[in-house]
Amino acid sequence: MKKVLMLLSNAYLPDPRVEMEATILRDLGYEVTIFCWDREGSQKPNENKDRILIKRTNVKATYGEGMKQLKSMIVFWINIFREIKIGKYNIVHAHDFDTLPPAFLGSKIFGKKLIYDAHELYPEMISFHVPRWVVRLISIMEKLLVKRVDGLITVGQRLADYYKKIRRNNVEVIGNYKNFYDEQVVKRNREAVREKLGIPQNALVVGYIGGFSKDRAIIPLVKAVKGLSDKNVYLMLGGKGEQLEDIQTNIQDNIIYLGYVNSKEISYYLSGVDLVYYGLYPDFSNNYYSTPNSLFNALSVGKPLITTSVGEISEIVSKEKIGYVVNSNNIEEELKILLNRLSDEKQELSLLKENCLLVGKDKYSLNTNKKRLMKLYDSINNMEMKGK
């Protein structure tokens, strides 16, 4: 049995994308170990979950501290290197750039095949946490290493096109696709969620569950819904991050804050909404490549989306006719106009819901991911047999 070592810089609570890929590989007959970084020391050091072995290294650190956690990062990298050395792995699968340097070094020294899984354009993602010279340095390092890995996975077509300019072969798109839920289950959950939260069954409800990082256009949505309290429009918010304090100061009766929502509960709460929102500001260059979990969470429960005119998500929403795109330069006003109209014309959402289910099951299914991941891993295995 081929053995895969996945590397991850969070504690795997679990990480939805990593869990999805690990589960597919397990079902394809691979023995999967996830080696991850528990910065707070709050999780079990080792556990076997659904026949996937999870190993956590406890190196004290926080998130979003940039250069302040460099020392902890180096210790984490040393632990990765040690795990590659002592483990009898065939393939090392590095999630994001913050695991790639030690993965590259270890795989080359100890004769392992290496896959790089780029969840985003990492240098730009960290650009508001570190000095610009660090961003440039990491960008140069990533391009050098990307040319030398055995295979590359990323989340969407725009990022795949970016990496194909650096390397020509073995680049696959593995989207953040989800299991689709039975329509009757979604209907029952819709009623249950609204009853639990005190939301009228006939209200127009918008939902956002995700991070509150400063590149997300959440405050314009909050203000738009705040101005529609007389129109039976509600907002359901779940998550945490830098904007939480600003969000909480704007909460009123028609805006409900759920706190942090576990990944296993996201589909339950989204079943209770009519529209899923995911808005981005254009000022962050990494957002150009965005194909977030929220897009596929929405499709999995047949909910149309509202997004801003930023990122690959806006292109998908427009092309597939699965929601609405508002101008990123006039978000609050356009949201208010749209939601005001939809509060009186909810029947307009029915066709969009049908499109969400049809498009999702046809193009954005876990079966699609399984075929692509199997194709890439087969290619890597063939390289190993040929001694390349």
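Provided above is the structure to which this section pertains.
Residues numbered from 1 in each chain as written. Predicted model: local features only at pLDDT ≥ 70, side-chain atom pairs only at ≥ 80, totals over all residues. Heavy atoms only, no water.

Q: Help me understand a nonpolar patch on the surface, please; the structure alone is not making it clear to me.
A: A cluster of nonpolar residues, M67, L70, I74, I78, W133 and L137, forms a patch on the protein surface that exposes about 560 Å² of accessible area. For the nonpolar patch, the secondary-structure elements that each account for two or more residues are α2 (70–86) and α5 (132–146). With respect to the helices and strands, the residue L70 is situated in helix α2. (Patch = residues over 30% accessible without salt bridge, like charges linked within 9 Å, V, L, I, M, F, W, Y side chains within 5 Å. Areas by Shrake-Rupley, 256 points an atom, 1.4 Å probe, with all protein chains shown as cover. Salt bridge = Lys/Arg side-chain N within 4 Å of Asp/Glu carboxyl O. Helix = DSSP H or I, 4+ residues; strand = E, 2+ residues; numbered from the N terminus.)

Q: Please explain the pairing of strand β14 (residues 323–326) as it appears in this structure.
A: Across a regular strand the side chains alternate sides, sitting on one face of the sheet and then on the other. By the bridge criterion, four bridges tie strand β13 (residues 305–308) to β14 in an arrangement that is parallel. Counted as the bridge partner of I306 is Y324 from β14. (Pairing = 2+ DSSP bridges.)

Q: Just checking my understanding: could you explain the packing of aromatic side chains for this structure?
A: Any pair of aromatic rings gets described here by the distance separating the centres and the angle formed by the planes. Counted by the stated rule, this structure contains 15 aromatic pairs. Judged by centre distance (5.0 Å) and plane angle (80°), the rings of Y162 and Y163 are edge-to-face. An angle of 85° between the planes, with centres 5.0 Å apart, marks the rings of Y288 and Y289 as edge-to-face. Taking the relative accessible area as the measure of exposure, Y289 reaches 14% and is therefore buried. Three or more aromatic residues joined by ring pairs make a cluster, and in this case those are Y116, Y162, Y163, Y288 and Y289. (Phe/Tyr/Trp six-rings, centres within 6.5 Å; stacked < 30°, edge-to-face > 60°. Buried < 20%, exposed > 50% of the residue type's maximum accessible area, 1.4 Å probe, protein only.)

Q: Can you walk me through the pattern of salt bridges in this structure?
A: Close approach of charged atoms lets side chains of opposite charge pair. Under the definition given, this model contains 17 salt bridges. Residue R26 is joined to D27 by a salt bridge in which the shortest nitrogen-to-oxygen separation is 2.9 Å. Judged by its relative accessible area of 16%, R26 is buried. Here R194 ties to D274 by a salt bridge, and the two come within 2.8 Å at their closest N and O atoms. Of the two residues, R194 is situated in helix α7 (residues 183–197) and D274 in the loop between α10 (266–270) and β12 (275–278); the sequence distance between them amounts to 80 residues. Here R194 matches D274 in class, with each residue buried.

Q: Please clarify how the side chain of D15 should be interpreted in this entry.
A: Of note, D15 is situated in the loop between β1 (3–8) and α1 (16–27). R17 is the oppositely charged side chain nearest to the buried, salt-bridge-free D15, at an N-O distance of 6.8 Å. At 3.1 Å, the side chain of D15 forms a polar contact with the side chain of N10. Here the side chain of D15 touches R17 through a polar contact of 3.2 Å, landing on its backbone nitrogen. Beyond its immediate stretch of four places on either side in the chain, D15 contacts L8 and N10. (Lys, Arg positive; Asp, Glu negative; His and termini not counted. Polar contact = N/O pair within 3.5 Å; in protein donor to acceptor, adjacent residues only side chain to side chain. Contact = heavy atoms within 4.5 Å.)

Q: Even after reading the chapter, I still don't get the packing of helix α8 (residues 219–226) against helix α13 (residues 331–344), so can you show me in this structure?
A: When two helices pack together, their arrangement is given by the angle between the helix axes and by the axis-to-axis distance. At a closest axis distance of 8 Å, the pairing of α8 and α13 adopts a crossing angle of 40°. With respect to their mutual orientation, α8 and α13 come out oblique. Where α8 crosses over α13, the two elements pack in a sense that is right-handed. Here α8 contributes P220, L221, K223, A224 and V225 to the contact with α13, which in turn contributes I331, E332, L335, K336 and L339. Looking at side-chain class alone, the contact of α8 with α13 contains seven nonpolar, no polar and three charged residues. (Axes fitted to C-alpha atoms, helices over the stretch in contact; angles between N-to-C directions. Parallel < 35°, antiparallel > 145°, perpendicular 65-115°, else oblique. Left-handed = near helix turned anticlockwise from the far one by under 90°. Nonpolar A, V, L, I, M, F, W, Y, C, P; charged D, E, K, R; others polar.)

Q: Teacher, can you tell me more about the pairing of strand β2 (residues 31–37) here?
A: The element β2 is extensively covered by neighbouring structure, given that six of its seven residues are classed as buried. In terms of strand pairing, β1 meets β2 through six bridges, oriented parallel. Each bridged residue has a counterpart across the sheet, and for L7 the counterpart in β2 is F35. Examined bridge by bridge, β2 and strand β4 (residues 52–57) share five bridges and lie parallel to one another. Note that in β4 the partner of T33 across the bridge is L53.

Q: When you look at helix α11 (residues 293–300) in this model, what are you seeing that I'm missing?
A: One turn of the α-helix equals 3.6 residues, which is why residues spaced by three or four share an orientation. Of all eight residues that make up α11, seven are buried, and the element is covered over most of its length. Within α11 the residues assigned to the buried category are S294, L295, F296, N297, A298, L299 and S300. At the C-terminal side of α11, G302 shows a positive phi close to 65°.

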